[in-house]
Amino acid sequence: MTLLDDIVRGASGSAPLAVLLRQMKVLAARTEAAPLAEWVEHELNGYGDGVELPPYRGPHRAPVYGHYMGIMGAEIRNVIIEPFNLPEEYRDGPLFNRWFREPIANIEAWAVRDTPASFGWPDGGMQLYGMLIQSGEATTGLREDFALAQVKVVVDQSVTARVCEVVRNRVLDLALAIEKVAPGAGESSAPVEQKADAVIAINNYFYGQGNVAVAGKNATQTVGAVAPSRDDTAGLIRYLAAAGLAVEDQRALAAAIAQDECDASAAGRWPRVRSWLAETGTAVGANALGSAIATAATGFLGL
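Please read these numbers as outputs of a predicted model, since none were measured by experiment. Positions within a chain are numbered from 1, following the residues in the order the chain's sequence is written. The predicted origin of the model limits local features to residues at a pLDDT of at least 70 and limits the giving and counting of side-chain atom pairs to 80 or more, whereas totals for whole chains, interfaces and linings rest on all residues. Side-chain measures here rest on the full set of heavy atoms in the structure, leaving out hydrogens and waters.

Undergrad: Teacher, can you tell me more about the side chain of Q157 here?
TA: Only DSSP runs of H or I reaching four residues or more are called helices, and only runs of E reaching two or more are called strands; each is numbered from the N terminus. When you line up the elements, Q157 lands in helix 6 (residues 157-181). Q157 gets classed as buried once you look at its relative accessible area, which sits at 16%. If sequence neighbours within four positions are ignored, Q157 has contacts with W110, A111, R113, D114, T115 and P116. Relative accessible area decides the class of each residue, using a 1.4 Å probe on protein chains only: under 20% of the type maximum gives buried, over 50% gives exposed, and in between gives partly exposed. What makes two residues a contact is simply this: any of their non-hydrogen atoms within 4.5 Å.

What follows is the structure, given as structure tokens:
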């Protein structure tokens, strides 16, 4: 039984997400796959302020309820605060949406609660709402003496369950993609070639054409270029050159190809080229060139 077998079995079943992600952390460490390690770290420990969130973590629309206090001890609880009672520029922001930056274990716990999870507004939200009411830009629909004392942003279990489902599916998809090309990649004794193939599969998952939403402003698109077929060395260099690969990197790739072609034991396996594709794809990251390297690796190595 391999590490990948354990991950596939757990992700296909009901293993806790934190357990699956720790197994993925081992896989990332053994293959030295930086994008996988980064994603796992964020999912396990949360996304800090300023860290870009993946789309499945928000925004999620959520109803907001207010607890209002008035004169003579009057109070009204669970009054829904409608977005249309505020100026338009505030209706799609953090007052009426929830982004999940918390560790996945927290989100999984909320998904199995008997009651929906509830949260307050972000810092400054209550003050902003009070200022809008005082200026007449927003309305409560209540008597003028009623003021907002507490707010609840209510997130149904179905919302947090969907977030968990996406993470579980990601783990399973990644494990299956790696298993297809490098079934022993998660083992400490795995050969270098399998580890390189695993990194290429991981880079393709994170940086491939379907996963790069927006290329960097300085990225060069591979307009008119055809992805290389298996063992097509000239096509590999041509494709990556068209994608904007720097001249010095093209020379390094050509040198790796030449060394592999001269090494009889490397015939058909391209160990140096595999390593170059894995390392360069990881270093480039999520942009058009990274996507092109992932595509080129898949075609050239027949993965």
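Let's pick the thread back up.
Undergrad: Can you help me understand the pattern of salt bridges in this one?
TA: Pairs can form between side chains of opposite charge whenever their charged atoms are close. Think of a salt bridge as a Lys or Arg side-chain nitrogen and an Asp or Glu carboxyl oxygen that are within 4 Å of each other. Under the defined criterion, the tally for this structure stands at 12 salt bridges. Of the charged contacts in the structure, one is a salt bridge between E41 and K25, with a shortest N-O distance of 3.5 Å. Of the two residues, E41 sits in helix 3 (residues 34-45) while K25 sits in helix 2 (residues 17-31), which places them 16 residues apart along the sequence. Its relative accessible area of 35% is what places E41 among the partly exposed residues. Its relative accessible area of 41% is what places K25 among the partly exposed residues. We note a salt bridge from E108 to R168, for which the minimum N-O separation is 3.7 Å. Linking E108 in helix 4 (residues 104-111) with R168 in helix 6, this pair joins segments that are 60 residues apart in sequence. The network of salt bridges with common partners includes D260, D263 and R272.

Undergrad: What is the right way to look at helix 8 (residues 233-242) in this model?
TA: Given 3.6 residues to a turn, an α-helix orients residues that are three or four positions apart in the same direction. Three or more residues of helix 8 are buried, namely T233, G235, L236, Y239 and L240. The arc enclosing the buried residues of helix 8, seen along the axis, measures out at 160°, which places them on a common side. Positive backbone phi, approximately 105°, marks G244, located one or two places after helix 8. Comment: arc refers to directions from the helix axis out to C-beta atoms.

Undergrad: How should the environment of P103 be read in this particular structure?
TA: Mapped onto the elements of the fold, P103 is located in the loop between strand 4 (97-98) and helix 4. P103 gets classed as partly exposed once you look at its relative accessible area, which sits at 21%. Between the alpha carbons of P103 and N45 there is a distance of 4.8 Å; along the sequence they are 58 residues apart. Aside from chain neighbours lying at most four places away, what touches P103 is E43, L44, N45, G46 and R57.

Undergrad: Would you explain the packing of helix 7 (residues 192-207) against helix 11 (residues 288-301) in this entry?
TA: When two helices pack together, their arrangement is given by the angle between the helix axes and the distance between those axes. At a closest axis distance of 9 Å, the pairing of helix 7 and helix 11 adopts a crossing angle of 135°. Considering their axes alone, helix 7 and helix 11 lie oblique with respect to each other. The way helix 7 lies across helix 11 gives a crossing that is left-handed. Counted together, D197, I200, N203, N204 and Y207 of helix 7 and G290, S291, A294, T295, A297, T298 and L301 of helix 11 form the full contact between these two elements. Partitioning the contact of helix 7 with helix 11 into residue classes produces 5 nonpolar, 6 polar and 1 charged. The axes are straight lines fitted to the C-alpha atoms, using for helices just the contacting stretch, and the angles between their N-to-C directions are given from 0 to 180°. Comment on the angle field: the value is read as roughly parallel under 35 degrees, roughly antiparallel over 145, roughly perpendicular from 65 to 115, and oblique elsewhere. Note on convention: near helix rotated counterclockwise from far helix by under a right angle means a left-handed crossing. Clockwise means right-handed. Any residue outside Ala, Val, Leu, Ile, Met, Phe, Trp, Tyr, Cys, Pro, Asp, Glu, Lys and Arg is labelled polar, Gly included; the first ten of those are nonpolar and the last four are charged.

Undergrad: Just checking my understanding: could you explain the sheet that holds strand 5 (residues 117-119) for this structure?
TA: Between any two strands, at least two bridges found by DSSP are needed for them to pair. Strand order in this open sheet of 4 strands is 3-2-6-5, and the pairing throughout is antiparallel. Two strands in the sheet have a free side with no partner beyond their single neighbour: strand 3 (75-80) and strand 5. In this sheet, neighbouring strand axes are inclined to one another by 25° on average, regardless of whether the strands run parallel or antiparallel.

Undergrad: Looking at this model, I keep getting lost on the side chain of R274. Mind explaining?
TA: Structurally, the position occupied by R274 is in helix 10 (residues 271-284). A distance of 2.4 Å separates a polar atom in the side chain of R274 from the backbone oxygen of R269. Residues within four places of R274 in sequence aside, it is in contact with E193, A196, D197, I200, R269 and L301. Definition of a polar contact: a pair of N or O atoms within 3.5 Å, with one able to donate and the other able to accept a hydrogen when the atoms are protein atoms, and with sequence-neighbouring residues admitted only if both atoms are side-chain atoms.

Undergrad: What's the story with the nonpolar core in this structure? I'm lost.
TA: In plain words, nonpolar cores are sets of buried Ala, Val, Leu, Ile, Met, Phe, Trp, Tyr and Cys residues tied together by side-chain atoms within 4.5 Å. In this structure, L36, W39, I81 and L240 are the most contacted members of the largest nonpolar core, which totals 85 residues. Top contributing element to this core by residue count: helix 6, with 10 residues. Setting aside chain neighbours within four positions, we find L240 in contact with L245, L253, W276, L289, A292, I293 and A296.

Undergrad: Hey, could you run me through the confidence of the model for the protein in this one?
TA: As a note on interpretation, predicted positions should not be read in detail where pLDDT is low. Residue-level confidence of the predictor is summarised by pLDDT, bounded by 0 at the bottom and 100 at the top. Overall, the predicted model of the protein reaches an average pLDDT of 89, with 93% of residues at or above 70. Within the protein, the element-level pLDDT minimum falls on helix 7, averaging 83, and the maximum on helix 4, averaging 98. Per-residue pLDDT stays below 50 along residues 209-223; that stretch engages in 24 contacts with residues further than four places along the chain or on separate chains.

Undergrad: Help me understand the packing of aromatic side chains in this model?
TA: A ring pair, where both rings are aromatic, is described by two values, the distance of the centres and the angle of the planes. Paired rings are identified among Phe, Tyr and Trp, the last through its six-membered ring, by centres lying within 6.5 Å, and are further divided according to the angle between planes into stacked (under 30 degrees), edge-to-face (over 60) and tilted (the rest). Inspection of the entire model under this criterion finds 7 aromatic pairs. Connected via pairs of aromatic rings, a cluster forms that spans W39, Y205 and F206. Our definition puts a charge over a ring when NZ of Lys or CZ of Arg is within 6 Å of the ring centre and also within 35 degrees of the ring normal. Above the ring of F119, the side-chain terminus of R98 is found at 3.8 Å from the ring centroid.

Undergrad: Mind showing me how you'd approach the pairing of strand 2 (residues 64-69) here?
TA: Every other side chain in a regular strand lies on the same face of the sheet, so the side chains alternate between the two faces. Alignment of strand 2 against strand 6 (residues 147-155), held across 6 bridges, turns out to be antiparallel. Bridging from a neighbouring strand, Y65 pairs with K152 of strand 6. Strand direction decides the pairing type here: strand 2 and strand 3, joined by 4 bridges, are antiparallel. Across the sheet, the residue bridging to Y68 is I76, located in strand 3.

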